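# Observations on the three-dimensional arrangement
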Amino acid sequence: TPLHDFLKRLPKAEHHLHLEGALSPTLLFELAKRNNISLPTEDSAFNSPDSLQSRYGRFTSLDDFLHYYYFGMSVLIHAHDFEALAWDYFQHASADGVHHAEVFFDPQAHTTRGVSYNTVLSGFESACRRAERELGITTELITCFLRHLPVEDCLATFENEHVQQSYRSGAVKGIGLDSSEVGFPPHLFSEIYEKARKQGLRRTAHAGGEGPVDFIASALDTLGIERIDHGIRLADDADLMAKVAAQGTLLTTCPISNVVLGSVPSIQDLPIRKFLDAGVRFSINSDDPAYFGRYILDNYCSVQESFDLDVQEWGSISRAGIEGSWCGDGRKREIL
Ligand code: ADE
Ligand code: ZN
């Protein structure tokens, strides 16, 4: 890519990254062995890390991906497993020029397997502290709720005393909503978001990635979200797009993920140019980098290859991402 070195140096913030999506096949096999977790022998994808990686190259849908994603995390048992996972990600992020990372994790995907919330959290927190110390990356953690599970389970997780304690202490900064989008509209989760707002938590949700543009409108109206994860369907509604642009709400787009999971046929089909023309703010992110085999800089480069942006346009994308971050103004000024 012509601007590769420029893009690498460009100060980046990442806002759409599932820590469980940073589990590489190599680490998956290593942890499976160490923790005595048997891999499904009936699926030949699990023959070796290489065969698993090549199966990951052939996802047919979000749900096909999620099947491997939820299985993959069954190898994560101890706090140091979660630490190793997040540390793996932070090293990649740092090498790609990330200065600030706000990362998701899925408490319910672990507590439903008998791994306690505090085990997960303490592992991730150790990696965050190490990233700050050794890499100079600032970090925030965001708990996501799994929308394919009953709303009562999501609410009970939100209200769990350990989860609440992590919000009060500031260990976790905000909430998100992920997993299968179609069939699980935003308004179902309004009670959680209302409570989160009253507690002063930051709020985002996946909307309009796999699901329709109406989910973006309803996530803004019924959940009071401050960012929109994916949000690429916004370009289907010019009025809503103008409103989002005027409000300055940040979209956290994930170009490679959208192609790999079949939301769009190719990067060129993403509304990047429309967003730039309409003044919609967006950041560029990697979503589940180990599963897609590509990290954040690959996403920047793929956008550049398809849209041939100029240095000024990249400057405004970089600034929008840093300004739309949930860190303090002092930290934003440092990065810019
Ligand atoms: N959980 C992890 N990755 C996800 C994605 N790309 N979409 C929805 N939920 C997810
Ligand atoms: Zn996502």
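To keep things clear, this report deals only with the structure shown in the data block. Keep in mind that what you see is a predicted model, and the values were worked out from it rather than measured.

## Examining the sheet that holds strand E3 (residues 138–146)
- Reading across from one edge, E1-E2-E3-E4-E5-E6-E7-E8 is the order of the 8 strands in this open sheet, with parallel pairing throughout. Here the strands that pair on one side only, and so sit at the sheet edges, are strand E1 (12–14) and strand E8 (282–284). Direction aside, neighbouring strands of the sheet carry axes that sit 25 degrees apart on average.
- Note: strand E7 (residues 250–253) against E8, 3 bridges, orientation parallel. In the sheet register, leucine 251 faces E8, and the bridge partner there is phenylalanine 282.

## A word on the pairing of strand E5 (residues 202–207)
- With 5 of its 6 residues buried, E5 lies for the most part within the structure.
- Here strand E4 (residues 174–178) runs beside E5; their pairing, made up of 2 bridges, is parallel. The residue of E5 that forms the bridge with isoleucine 175 is arginine 203.
- A crossover links E4 with its parallel partner E5, the connecting element being helix H10 (residues 190–198), and its sense is right-handed.
- Pairing analysis gives 4 bridges linking E5 to strand E6 (residues 227–230), with the strands arranged parallel. Paired with alanine 205 across the strands is isoleucine 228, a residue of E6.
- This β-α-β element, E5 to helix H11 (residues 214–223) to E6, shows right-handed connectivity.

## Comments concerning the coordination of the zinc ion (ligand 2)
- Protein coordination at the zinc ion (ligand 2): the donors are His16 (NE2), His18 (NE2), His206 (NE2) and Asp287 (OD), at 2.1 to 2.3 Å from the metal.
- One can describe the site at the zinc ion (ligand 2) as irregular: its 4 donor atoms subtend angles covering 85 to 176 degrees at the metal.
- Judged by relative accessible area, which is 0%, histidine 16 ranks as buried.

## Examining the environment of serine 61
- With respect to the secondary-structure elements, serine 61 resides in the loop between helix H3 (49–56) and helix H4 (62–72).
- Residue serine 61 is classed as partly exposed on the basis of its relative accessible area, which comes to 26%.
- Looking at serine 61, its side chain comes within polar contact range of the main-chain nitrogen of aspartate 64, at 3.0 Å.

## Some points on the environment of asparagine 35
- With respect to the helices and strands, asparagine 35 occurs in the loop between helix H2 (25–34) and H3.
- Here asparagine 35 falls in the buried class, since its relative accessible area comes to 15%.
- When the C-alpha atoms of asparagine 35 and histidine 78 are compared, they prove to be 8.8 Å apart, with 43 residues separating the residues in sequence.
- Ignoring anything within four residues of it in the chain, the contact list for asparagine 35 reads Val75, Ile77, His78 and Asp81.
- At 2.9 Å, the side chain of asparagine 35 and the backbone oxygen of valine 75 are in polar contact.

## Overview of H4
- When H4 is considered as a whole, its buried residues turn out to be Leu62, Asp64, Phe65, Leu66, Tyr68, Tyr69 and Gly72.
- Those residues of H4 hidden inside the fold are in contact with H2, H3 and helix H15 (289–292).

## Quick word on the pattern of salt bridges
- Within this structure, the stated rule accounts for 18 salt bridges.
- In this structure, arginine 34 engages glutamate 30 in a salt bridge whose closest nitrogen and oxygen atoms are separated by 3.8 Å. On the criterion of helical spacing, the pair formed by arginine 34 and glutamate 30 is a turn pair, its members being 4 residues apart in helix H2.
- Where lysine 243 meets aspartate 221, a salt bridge forms, and the shortest distance between an N and an O atom there is 3.9 Å. With lysine 243 in helix H12 (residues 238–247) and aspartate 221 in helix H11, this pair connects stretches of sequence that are 22 residues apart.
- Looking at aspartate 221, the relative accessible area reads 59%, which means it is exposed.
- What emerges from the salt-bridge pattern is a single network uniting Glu30, Arg34 and Asp81.

## Topic: the site of ligand 1
- The environment of ligand 1 is formed by His18, Leu62, Phe65, Leu66, Tyr69, Asp178, Ser179, His206, Leu261, Asp287 and Asp288.
- In this structure, a nitrogen atom belonging to ligand 1 sits 2.8 Å away from a side-chain N or O atom of aspartate 287.
- When the free accessible area of ligand 1 is taken as 260 Å², the share hidden by the protein chains comes to 97%.
- Ranked by residue count, the leading element in the shell around ligand 1 is H4, at 4 residues.

## Things to note about the state of the cysteines
- Taken as a whole, this structure holds 0 disulfides when the rule is applied.
- In this structure cysteine 301 is not part of a disulfide, and its nearest cysteine sulfur, from cysteine 254, lies 16 Å away.
- Cysteine 327 takes part in no disulfide bond, and the closest cysteine sulfur, belonging to cysteine 128, lies 14 Å away.
- When its relative accessible area of 12% is taken as the criterion, cysteine 327 is described as buried.

## Some points on the side chain of histidine 110
- Inspection of the secondary structure puts histidine 110 in helix H6 (residues 107–111).
- Within polar-contact distance, the side chain of histidine 110 engages the side chain of glutamate 20 at 2.8 Å.
- Excluding residues that lie within four positions of it along the chain, histidine 110 makes contacts with Glu20, Met73, Leu76, Phe82, Val115 and Val120.

Criteria and cut-off values
Residues numbered from 1 in each chain as written. Chains lettered and ligands numbered in written order. Predicted model: local features only at pLDDT ≥ 70, side-chain atom pairs only at ≥ 80, totals over all residues. Heavy atoms only, no water. Pairing = 2+ DSSP bridges. Helix = DSSP H or I, 4+ residues; strand = E, 2+ residues; numbered from the N terminus. Axes fitted to C-alpha atoms, helices over the stretch in contact; angles between N-to-C directions. Buried < 20%, exposed > 50% of the residue type's maximum accessible area, 1.4 Å probe, protein only. Right-handed = clockwise from strand over helix to strand, strands pointing away. Donors = N, O, S within 2.8 Å, 3.2 Å for Na, K, Ca; no water. Tetrahedral: all angles 85-135°; square planar, octahedral: opposite > 155°, others 65-115°. Polar contact = N/O pair within 3.5 Å; in protein donor to acceptor, adjacent residues only side chain to side chain. Contact = heavy atoms within 4.5 Å. Salt bridge = Lys/Arg side-chain N within 4 Å of Asp/Glu carboxyl O. Near = heavy atom within 4 Å. Areas by Shrake-Rupley, 256 points an atom, 1.4 Å probe, with all protein chains shown as cover. Disulfide = S-S within 2.5 Å.

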